[in-house]
Amino acid sequence: MNTNAITLSKKQIDLGTLRRVYRDAPEVRLDVALRVGVAKAYDIVQRAAKGAEAVYGVNTGFGKLAQKRISPEETSTLQRNLILSHCSGVGDTMPAKVTRLMMALKLISLTKGASGASWELICQLQAMLARNVIPFVPGQGSVGASGDLAPLAHMSAAMIGEGDAFLDGVRMPAATALNKAGLTPIELGPKEGLALINGTQFSTAYALAAWFDSWDLACSALVTGALTTDAAMGSTAPFRPEIHTLRGHSGQIDAANTLRCLLQGSAIREAHRNNDQRVQDPYCLRCQPQVMGACFGSLRYVATVLETEANAVTDNPLVITDTEDILSGGNFHAEPVALAADQLAIAIAEIGSIAQRRVAMLVDPIMNYGLPAFLSPNPGVNSGFMIAEVTTAALMSENKQMASPCSVDSTPTSANQEDHVSMAAHAARRLMAMNNNLGHILGIEWMTGAQGIDLRRPLRTSPSLQQAVAALREDIPTLTNDRYMADDIARSAHLVRDGVLIEAVDGDLFPNPA
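Reading guide: rules and limits
- Residues numbered from 1 in each chain as written.
- Predicted model: local features only at pLDDT ≥ 70, side-chain atom pairs only at ≥ 80, totals over all residues.
- Heavy atoms only, no water.
- Helix = DSSP H or I, 4+ residues; strand = E, 2+ residues; numbered from the N terminus.
- Rg over C-alpha atoms; globule rule 2.2 N^0.38 Å.
- Contact = heavy atoms within 4.5 Å.
- Areas by Shrake-Rupley, 256 points an atom, 1.4 Å probe, with all protein chains shown as cover.
- Lys, Arg positive; Asp, Glu negative; His and termini not counted.
- Charge placed at Lys NZ, Arg CZ, Asp CG, Glu CD.
- Core = buried A, V, L, I, M, F, W, Y, C linked by side-chain atoms within 4.5 Å.
- Buried < 20%, exposed > 50% of the residue type's maximum accessible area, 1.4 Å probe, protein only.
- Phe/Tyr/Trp six-rings, centres within 6.5 Å; stacked < 30°, edge-to-face > 60°.
- Lys NZ or Arg CZ within 6 Å of the ring centre and 35° of its normal.
- Axes fitted to C-alpha atoms, helices over the stretch in contact; angles between N-to-C directions.
- Parallel < 35°, antiparallel > 145°, perpendicular 65-115°, else oblique.
- Left-handed = near helix turned anticlockwise from the far one by under 90°.
- Pairing = 2+ DSSP bridges.
- Patch = residues over 30% accessible without salt bridge, like charges linked within 9 Å, V, L, I, M, F, W, Y side chains within 5 Å.
- Salt bridge = Lys/Arg side-chain N within 4 Å of Asp/Glu carboxyl O.
- Expected span 1.5 Å × (residues − 1).
- Bend = angle between axes of the 7 residues up to and from the residue.
- Polar contact = N/O pair within 3.5 Å; in protein donor to acceptor, adjacent residues only side chain to side chain.

Asker: How should the overall build of the chain be read in this particular structure?
Answerer: Across its full length, the chain carries 20 helices and nine strands. A compact globule built from 514 residues should have a C-alpha radius of gyration of about 24 Å, and the chain, at 26 Å, falls within 12% of that. With the principal axes as the frame, the chain shows a C-alpha extent of 90 × 50 × 40 Å. For the chain, restricting intrachain contacts to residue pairs at least 6 apart in sequence, the fraction spanning at least 24 positions comes to 78%. Of the roughly 20,700 Å² of accessible surface on the chain, 52% is carried by carbon and sulfur atoms. Considering the chain, the positive charge centre built from 42 side chains and the negative charge centre built from 50 side chains are found 2 Å apart.

Asker: Please explain the nonpolar core as it appears in this structure.
Answerer: One recurring pattern in soluble globular proteins: nonpolar side chains tend to sit buried together. Among the nonpolar cores identified, the biggest contains 157 residues, and Leu18, Leu101, Leu208, Trp211 and Trp446 are the most heavily contacted of them. Ranked by residues supplied to this core, first place goes to helix α9 (residues 201-231) with 19 residues. Leaving out residues up to four positions away in the same chain, Leu101 has contacts with Leu18, Val21, Tyr22, Ala205, Leu208, Ala209 and Phe212. Ile44, Val45, Val319 and Ile326 belong to the second largest nonpolar core, which has nine residues in total.

Asker: Help me understand the packing of aromatic side chains in this model?
Answerer: Aromatic rings in a pair are described by how distant their centres are and how their planes are angled relative to each other. Summed over the entire model, instances satisfying the criterion amount to five aromatic pairs. For the pair Trp211 and Phe212, a centre-to-centre distance of 6.0 Å together with 80 degrees between the ring planes defines the contact as edge-to-face. Take Trp211 and Phe212: they sit in the same class, and that class is buried. Measuring from ring centre to ring centre gives 5.0 Å for Trp215 and Phe296, while their planes differ by 70 degrees; the resulting arrangement is edge-to-face. Of this pair, Trp215 sits in helix α9 while Phe296 is found in helix α14 (residues 288-310), placing the two residues 81 residues apart along the sequence. A relative accessible area of 5% places Trp215 in the buried class. Its relative accessible area of 0% is what places Phe296 among the buried residues. Put simply, the rings of Tyr22, Trp211, Phe212, Trp215 and Phe296 touch in pairs and so form one group of aromatic residues. Its guanidinium or amino end placed over the ring of Tyr369, Arg278 lies 3.5 Å from that ring's centre, counting from NZ or CZ.

Asker: Hey, could you run me through the environment of Pro95 in this one?
Answerer: Counting through the fold element by element, Pro95 comes out in the loop between β3 (90-93) and α4 (96-110). With relative accessibility at 31%, the residue Pro95 sits in the partly exposed group. In this structure, the C-alpha to C-alpha distance between Pro95 and Asn257, residues 162 residues apart in sequence, is 36 Å.

Asker: Quick question: what am I supposed to make of the environment of Gly265 here?
Answerer: Relative to the assigned elements, Gly265 resides in the loop between α11 (250-263) and α12 (267-271). Note: C-alpha distance between Gly265 and Leu465 (200 residues apart in sequence) is 9.8 Å. Residues within four places of Gly265 in sequence aside, it is in contact with Thr461, Ser462 and Pro463.

Asker: Could you clarify how one ought to interpret the packing of helix α16 (residues 386-402) against helix α17 (residues 424-455) in this entry?
Answerer: Packed helix pairs are specified by the crossing angle of their axes together with the interaxial distance, meaning the distance between the axes. Their axes nearest at 9 Å, the elements α16 and α17 cross at an angle of 155 degrees. As far as their axial angle goes, α17 and α16 are roughly antiparallel. Both α16 and α17 take part in a crossing whose hand is left-handed. Facing Ala388, Thr391, Thr392, Leu395, Met396, Glu398, Asn399 and Met402 of α16, the residues of α17 in contact are Arg430, Ala433, Met434, Asn437, Leu438, His440, Ile441 and Ile444.

Asker: I keep staring at the pairing of strand β7 (residues 170-173) and nothing clicks. Help me out?
Answerer: Relative to β7, strand β6 (residues 164-167) runs antiparallel, the two sharing four bridges. In the sheet register, Leu167 faces β7, and the bridge partner there is Val170. Between β6 and β7, which pair antiparallel one after the other, the connecting turn spans two residues, and Asp168 there sits at a positive phi close to 55 degrees.

Asker: I'm lost on a nonpolar patch on the surface in this one. Help?
Answerer: Together, Met386, Ile387 and Val390 make up an exposed nonpolar region whose accessible area comes to about 240 Å². On the secondary structure map, Met386 appears in helix α16. By relative accessible area, Met386 is classed as partly exposed at 30%.

Asker: I'm lost on the environment of Leu262 in this one. Help?
Answerer: Looking at the secondary structure, you find Leu262 in helix α11. Taking relative accessible area as the criterion, Leu262 reaches 0% and is therefore assigned buried. Separated by 248 residues in the primary sequence, Leu262 and Phe510 place their C-alpha atoms 9.7 Å from one another. In this structure Leu262 touches Leu222, Val223, Ala226, Ser462, Ser464, Leu465, Val505 and Leu509, once residues within four positions along its chain are discounted.

Asker: Would you mind going over α17 with me for this structure?
Answerer: Given 3.6 residues per turn, any residue in an α-helix points the same way as the ones three and four places further on. Taking 1.5 Å of rise per residue, 32 residues should cover 46 Å, and α17 covers 46 Å from first to last C-alpha, within 8% of that figure. Bending of α17 peaks at approximately 25 degrees at the position of Met432. Within α17, 25 of the 32 residues are buried, which leaves it mostly tucked inside the rest of the structure.

Asker: Can you walk me through the side chain of Thr224 in this structure?
Answerer: By the secondary structure assignment, Thr224 is in helix α9. Residue Thr224 is classed as buried on the basis of its relative accessible area of 0%. Within polar-contact distance, the side chain of Thr224 engages the backbone oxygen of Ala221 at 3.2 Å. Beyond its immediate stretch of four places on either side in the chain, Thr224 contacts Arg358, Leu442, Glu445, Trp446 and Leu501.

Asker: Explanation requested: the pattern of salt bridges in the structure shown.
Answerer: Think of it this way: side chains of opposite charge can pair up when their charged atoms draw near. Summed over all chains, the structure comprises 20 salt bridges. The salt bridge involving Asp475 is made with Arg491; its shortest N-O contact spans 3.0 Å. Note that Asp475 is positioned in the loop between α18 (463-473) and α19 (486-497) and Arg491 in helix α19, a separation of 16 residues in sequence. Exposure remark for Arg491: the relative accessible area of 33% places this residue in the partly exposed category. Asp488 is the salt-bridge partner of Arg483, the closest N and O atoms lying 2.7 Å from each other. The structure contains a network of salt bridges with shared partners spanning Arg19, Arg23, Asp213, Asp216 and Arg497.

Purely spatial values, then, with no claim about function.
Listed below in structure tokens is the structure:
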């Protein structure tokens, strides 16, 4: 575990810090100053639990059972039963990195001092993170309102010694994991179970994790797109700033600037600047700034939504310490996350769609301006990148299908009490698979683009793109005769996902998320 700790305080947590939580697993500490606000809300809830007035989730049942009053003696049992009954998730296990991020997001929410949870409960969750006790959480079962109930219940169960958890990556009963980590199960007080499972942290964690990867993949797509443009002897005129300033979209302006910089100094480009009989390039080359710029615009919008949600209090009811009111509302409804995840899914699909068309264009001898069929030096006896291009088509279409919006779907649940839901959980969860597909598409385009550049020798591409080709060639040689292709594709996709392609060129060339 990275010991470069971060400290949660009253300040907003930015995307860069959340990215560190996801990527680097630093220790997450608590500013003790937060304890004052937490204690105020906790005291208000304690008084309400013993009072005569019905307060939802404090001294009443839940959902359709909210009319049922609960005695003070039963409040702890009420909260424990809530967690156990809601542990109804199914499906594949939530990845540990995403679970850690979800736990950190829940800490951020609870420390705002509007949930009524005790400082001891908060410290239990923080200590589990610090000692690498990661709850077992199935990935399916949430409809994104009233909160991510099932997955957050599985997270919470581990805190009370129920269910399973991973300790240093080994799955075992949660009680055993806590014991080995020097922790003991915690007993839940009034509203604490509800504070833990009401919230959007499951959906938000998945969406954030996907966003971090999507942004890097979008930047990588500018490099692979530039490689393909030069390999196909495409024009750089469509990237001139005058065009994009006239339209005014910042993402488009930024994408065009990056493409111009990446192609600056290419001898291949200069070799066909004059006497080129082609008047215009296909859209997959010419319209890269417009398509990628729109995708960067969407990614920036999604970033603002998710950063806001990461800093939000999304359980119910909420404790207003200034007035000592406990208000029942609907902050658990994950519609903002669902809409953002749908927008992100569309952007991922579009980046892959235009990249796939570039691959298809580059392997086509009618379209690639003098390169051999399927980029094989000896086509016929060799098939070259023929089926690698088909693979990109399959992945592109799969992403198109997964990009269908989830937020427009709803179904009533919980005896029609929760009659409109967001579907944010699977809107966000599918994004990781889509990013995996996109990483493979871009990995293949990196291979075909580099192959095309190699076939243009003795002409050389730009210094930046030479670095991109060299980074690939450290692991994957130029294709001469046909060879087993799957390992090369897997390796190239892995390098893309690890950010090697971005690191190979000047990182300052790329758009900024802000």
